[in-house]
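In case you want the letters, here they are:
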Amino acid sequence: MLVAGFPAGSFQTNCYVVAPGPGEACVVVDPGQDAVEQLDALLAEHRLTPVAVLLTHGHFDHTFSVTPVCDGHDIAAWIHPEDREMLADPMKGLSRESAAFFGGRLEMREPRSVEEMTDGATLDLAGLTLRVDHTPGHTRGSVIFTPTSGADAGAGAEVIIAGDTLFAGSIGRTDLPGGDHQQMLVSLRDKLLTRSDEALVLPGHGATTTIGRERASNPFLQGLDTPAPGRGL
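Residues numbered from 1 in each chain as written. Predicted model: local features only at pLDDT ≥ 70, side-chain atom pairs only at ≥ 80, totals over all residues. Heavy atoms only, no water.

Per an unreviewed UniProt entry, the recorded name for the chain is MBL fold metallo-hydrolase, and the organism is Pseudonocardia broussonetiae.

Okay, structure coming up:
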């Protein structure tokens, strides 16, 4: 499986492409501010053809370029229904102070094609199988993706595209509209800390990490009542 990415725009939001391999179809995850040119270069470098855009949540630093990418390639955007309204009205995800910075207005529109996904869904796209886990806390509709390809299924470390739910050494903020700190802790405990220590975490901002590293050293995860990996609560 090929996974590549780059930080986009002034928010340095990580945009990823995932494909079974070079020269294949791919999905694009979180095309943020000014992502189009870098994304086109990455697609050309690996000879990839995008078939869908997946969004970890609705904040505009992750969705800024979703419409030009989707409409330019005639593909759909996938988002959790709880965050869909932010595609056309990003101000709903901003604090009052942030909204004032943009003069109270930030005009965007939905792509021509939008699909909704829910907790536990399995998306079969680009020769990949992507599990969707709903992880509310940063926003009401935050999700994480776990992709596998047929050739790699069951081999190597699990890959988790975590959006703004989990970072290296931190977690996503919960003080914006739709944020909920207690929900965030439940999401981290039930959807991330149940994974193996070797699982690779690709966050929405900053460096790649592992579940084991965050379990051991992330101050926001200490004291969470964590079941053993692979077992229920």
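### Description of the nonpolar core
Note the threshold: Note on terminology: a nonpolar core comprises buried Ala, Val, Leu, Ile, Met, Phe, Trp, Tyr and Cys residues joined through side-chain atoms within 4.5 Å. To sort residues, take the accessible area from a 1.4 Å probe on protein chains only and compare it with the maximum for the residue type: under 20% means buried, over 50% means exposed, and anything in between is partly exposed. Strands here are runs of E lasting at least two residues and helices are runs of H or I lasting at least four, both read from the DSSP assignment and numbered beginning at the N terminus. Contact criterion: two residues are considered in contact whenever any of their non-hydrogen atoms come within 4.5 Å of each other.
Phe6, Val17, Leu39, Leu48, Val53, Leu55 and Val66 are the most contacted members of the largest nonpolar core, which totals 24 residues. If you list the elements that add at least two residues to this core, you get strand 1 (2–8), strand 2 (13–19), strand 3 (25–29), helix 1 (36–46), helix 3 (66–73) and strand 5 (76–79). Broken down by element, this core gets its largest block of residues, four residues, from strand 1. Each residue touching Val66, except ones within four places of it in the same chain, is listed here: Pro31, Val53, Leu55, Ala77, Leu87 and Pro111.

### Things to note about unusual backbone geometry
Positioned with a positive phi, Asp30 is a non-glycine residue whose angle comes to about 60°. With respect to the helices and strands, Asp30 occurs in the loop between strand 3 and helix 1. One non-glycine residue, Asp74, lies in positive phi territory at about 55°. As for its position among the elements, Asp74 is in the loop between helix 3 and strand 5. Overall, the relative accessible area of 65% leaves Asp74 in the exposed class.

### Description of the pairing of strand 5
Selection criterion: Paired strands, as defined in this entry, are two strands with at least two bridges between them according to DSSP.
Going residue by residue along strand 5, you find Ala76 and Trp78 tucked away on one face and Ala77 and Ile79 tucked away on the opposite face as well. The pairing of strand 4 (residues 49–54) with strand 5 spans three bridges and is parallel. Across the sheet, the residue bridging to Leu54 is Trp78, located in strand 5. Inspection of the sheet shows strand 5 paired to strand 6 (residues 114–116) by three bridges, in the parallel sense. Residue pairing across strands places Ile79 opposite Glu116, the latter belonging to strand 6.

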